[in-house]
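Structural characterization, general
Listed here are the chains, written in short residue letters.
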Amino acid sequence: MQCKIDDLPDELLEYILSLVPPYKTLEACKSVCRRWKRTTEVVIARSEAHFQRSVAVGSLLWNSLPSVHWAPTIGKRHSHSACIYNNSMYVFGGCSSTWTTFNDLWRLDLDTRTWVRPVSLGSYPSPKACATMLYYQKSFILFGGWSYPLPYPLHQQWRLFNELHIYSIESNKWTTIDTLLTPPPTSAHSASIHGNKMVVFGGVCDGESSNDIWCFNLDSYRWQKQFASGDYLRPEPRYGQSQIELGDKHLLILGGCTGPNAPMNDAWLLEMEGPLWIWKKVTMCNTEWAPTRIWCHQACKVGNYVVVLSKNKRKAKSNDMSISLKKTACQSSLCAPSHCESNPLFRRPENVSTPDRDENVNGRHGAFSRSHLQSAHTSSHMSIFSKPMSLYSDNFLSMAAFRDPPLHSNSNTFRQRQLELLRKMEEKIKNKKAQAKPAKKTENTLSIFVLDITKVLEDCSASWIPLKQDNYSGPDERILYSLVAGKGELIVFGGLRKQQTTMDWNLPKDEVYNDLHFINPPRYDI
């Protein structure tokens, strides 16, 4: 006796559909028949409710996307902008490990987990990092950011932007918006959409932290500086904070940094009614379960909860990975280079004489070419010849490749011997590096923290939820990554990891990522 799928009971059909990726494929299941449409809608509603319940109790699981070397992939970056639209996540700009900024746009198909680089039209934004990108009516609104100018003069500082661009998703086109009144060039700020307005708060302006509020009308394309309650009750000037939208009339500012080694763990509620907006400081409860810092860690709202990723509080140091954005700090970088080393957002590149040839700057569209990767691989191999020979224990092996060939030997034979010696020397160096590489410490991973904001509009209070801190299955600890909410999951991409200061020049100081991680609830049973 044969059994068709239409003969299955609703419970089994619902369970089967719950295994389908909750994006384009699941949406297509609605078109099969009325029964499938009804069952698919039930699955979507239950999955969203299950996700929010899992966030409320902190029952979330890390899942990493395995890398596929043959597929086109986005370059490693941090300080980029990310936004969700339908079944895709869009990523714009950011900067590389050499602090070269990009202006490329990538799209991640969340149904197939593959990267696509659309060849956009129109007026491209400048290469930049730490800009904000928000979704509004089938478009992305991009504002602010910073970059290093190229070619890079020795004494020139970074450049801040007050550019405003709109990207139309349907026409795949960038448009520049020019207005008479504009905010000052701003970076590391926060922004959110409320009705037909984009509200921008804080950031770095003219090298100093700011707590100003600017509003951009998305219908009339006009900027307006908004005034709020007096200086006696308002957030301190800050940058790197998170901004959470709470309807058309309220927003929440979470964390940030007010200066060098001065991260903030506070929260502020802004009431946007009437001509004078009002700031209210939020009372934070259960602070023993709060993360050590809430800056350069983008928070994400899920229902009545805010998810923050940070290092385990019991393992974190007091001032590691801290940054400085002060203008005077970079002006004195030639006299005190160690101060700029603590500035991952606006630090001067280490090698200013060699421009970065990264293919993520527009004008060189498409995926990374195989020849580019091979040339980069070859250059990394050849770089061993510029290292001091005293680092190698076998002096004869180190110097044999550079000796003049004897007059009585055949040139081809000598060339083969030379290549063989180089191969042995390269293999020996790789083995030494593999042995010297420290084992990964499980405590240096991202942990999940959840803030309950159910009562924030009633009595202006929020509470951190007690969670288990023994789950070290997350990715390596990092900052300046993106965290966005998909359908029943959270998506983490990219970021920067600050390495500890070391005298070993073989070890990199910073590490930049292009990996993808997903935060999912445990699978529920029907």
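Let me sum up the structure you'll find in this document. (Residues numbered from 1 in each chain as written. Predicted model: local features only at pLDDT ≥ 70, side-chain atom pairs only at ≥ 80, totals over all residues. Heavy atoms only, no water.)

Now for the overall build of the protein chain. For the protein chain, the count of helices and strands is nine helices and 29 strands. A total of 526 residues make up the protein chain; the buried ones form 48% of that total. Excluding contacts between residues fewer than 6 apart, the proportion of contacts in the protein chain whose partners are at least 24 apart in sequence is 62%. Summed over all atoms, the accessible surface of the protein chain reaches about 26,500 Å², with 53% contributed by carbon and sulfur. (Helix = DSSP H or I, 4+ residues; strand = E, 2+ residues; numbered from the N terminus. Buried < 20%, exposed > 50% of the residue type's maximum accessible area, 1.4 Å probe, protein only. Contact = heavy atoms within 4.5 Å. Areas by Shrake-Rupley, 256 points an atom, 1.4 Å probe, with all protein chains shown as cover.)

An ideal rise of 1.5 Å per residue puts 34 Å on 24 residues; helix H3 (residues 34–57) measures up with 35 Å between its terminal C-alpha atoms. Taken as a whole, H3 has its buried residues at Arg35, Trp36, Thr39, Thr40, Val43, His50, Phe51, Ser54, Val55 and Ala56. Trailing H3 by a residue or two, glycine 58 shows a phi angle of about 75°, which is positive. (Expected span 1.5 Å × (residues − 1).)

Between helix H1 (residues 10–18) and H3, the shortest axis-to-axis distance is 9 Å and the interhelical angle comes to 60°. One finds that H1 runs oblique with respect to H3. With respect to the hand of their crossing, H1 and H3 are arranged in right-handed fashion. Each of Asp10, Leu13, Glu14, Leu17 and Ser18 in H1 lies in contact with H3, whose residues at this interface are Arg35, Trp36, Thr39, Thr40, Val42, Val43 and Arg46. Considering only residue class, the contact of H1 with H3 consists of five nonpolar, three polar and four charged. (Axes fitted to C-alpha atoms, helices over the stretch in contact; angles between N-to-C directions. Parallel < 35°, antiparallel > 145°, perpendicular 65-115°, else oblique. Left-handed = near helix turned anticlockwise from the far one by under 90°. Nonpolar A, V, L, I, M, F, W, Y, C, P; charged D, E, K, R; others polar.)

By secondary structure assignment, the location of histidine 517 is in strand E29 (residues 510–520). A polar atom in the side chain of histidine 517 sits 2.7 Å from the side chain of serine 64. When neighbours within four sequence positions are excluded, histidine 517 is seen to be in contact with Trp62, Asn63, Ser64, Pro475, Arg478, Leu490, Ile491 and Val492. (Polar contact = N/O pair within 3.5 Å; in protein donor to acceptor, adjacent residues only side chain to side chain.)

This part takes up unusual backbone geometry. For tryptophan 99, which is not a glycine, the phi torsion comes out positive at approximately 65°. Along the chain, tryptophan 99 turns up in the loop between strand E3 (88–92) and strand E4 (105–109). In this structure, tyrosine 221 is a non-glycine residue whose phi angle is positive, near 55°. The topology assignment puts tyrosine 221 in the loop between strand E16 (208–217) and strand E17 (222–226). Residue tyrosine 221 is classed as partly exposed on the basis of its relative accessible area, which comes to 37%.

Turning to the packing of aromatic side chains, a few remarks are in order. When we look at a pair of aromatic rings, we describe it by the centre distance and by the angle of the planes. Throughout the structure, instances matching the rule amount to 15 aromatic pairs. Ring geometry for tryptophan 214 against tryptophan 223: centres 6.5 Å apart, planes inclined by 80°, an arrangement best described as edge-to-face. For tryptophan 214, a relative accessible area of 12% gives the class buried. Taking relative accessible area as the criterion, tryptophan 223 reaches 6% and is therefore assigned buried. (Phe/Tyr/Trp six-rings, centres within 6.5 Å; stacked < 30°, edge-to-face > 60°.)

This part is about the pairing of strand E19 (residues 250–257). Of all the eight residues making up E19, eight are buried; the element is thus mostly covered by neighbouring parts of the structure. Sheet topology places strand E18 (residues 242–245) next to E19; four bridges connect them, and they run antiparallel. Looking across to E19, one finds that glutamate 245 is bridged to leucine 251. Hairpin connection, E18 to E19: the antiparallel pair is bridged by four residues, and glycine 247 has positive phi, about 90°. Bridge count for E19 against strand E20 (residues 263–271) is seven bridges, and the pairing is antiparallel. Among the inter-strand pairings, leucine 254 is bridged to a residue of E20, identified as alanine 267. In sequence, E19 turns back onto E20 through a hairpin of five residues, with asparagine 261 there showing a positive phi of about 55°. (Pairing = 2+ DSSP bridges.)

Further remarks concern the environment of glycine 474. Among the secondary structure elements, glycine 474 is positioned in the loop between strand E26 (461–464) and strand E27 (482–485). Since its relative accessible area comes to 7%, glycine 474 is described here as buried. Each C-alpha atom, one on glycine 474 and one on isoleucine 519, is 9.1 Å from the other, the two residues being 45 residues apart in sequence. If we ignore the near neighbours within four places in the chain, the residues touching glycine 474 are Trp62, Thr445 and Leu446.

A separate point is empty space enclosed by the protein. One pass over the structure, following the stated rule, counts two cavities of 30 Å³ or more. Taken as a whole, the largest cavity encloses approximately 80 Å³ of empty space. Phe143, Pro183, Pro184, Thr186, Val200, Phe201, Gly202, Cys205, Ser210, Asp212, Trp214 and Trp223 are the residues that line the largest cavity. Listing elements by their share of the lining of the largest cavity, those giving two or more residues are strand E15 (197–205) and E16. It is E15 that provides the largest number of residues to the lining of the largest cavity, a total of four residues. The class makeup of the residues in the lining of the largest cavity is eight nonpolar, three polar and one charged. (1 Å grid on protein atoms, 1.4 Å probe; cavity = no way out; pocket = protein on both sides within 12 Å on 5 of 7 lines; lining within 4 Å. Points joined across faces, edges and corners; volume = space filled by probe spheres on them.)

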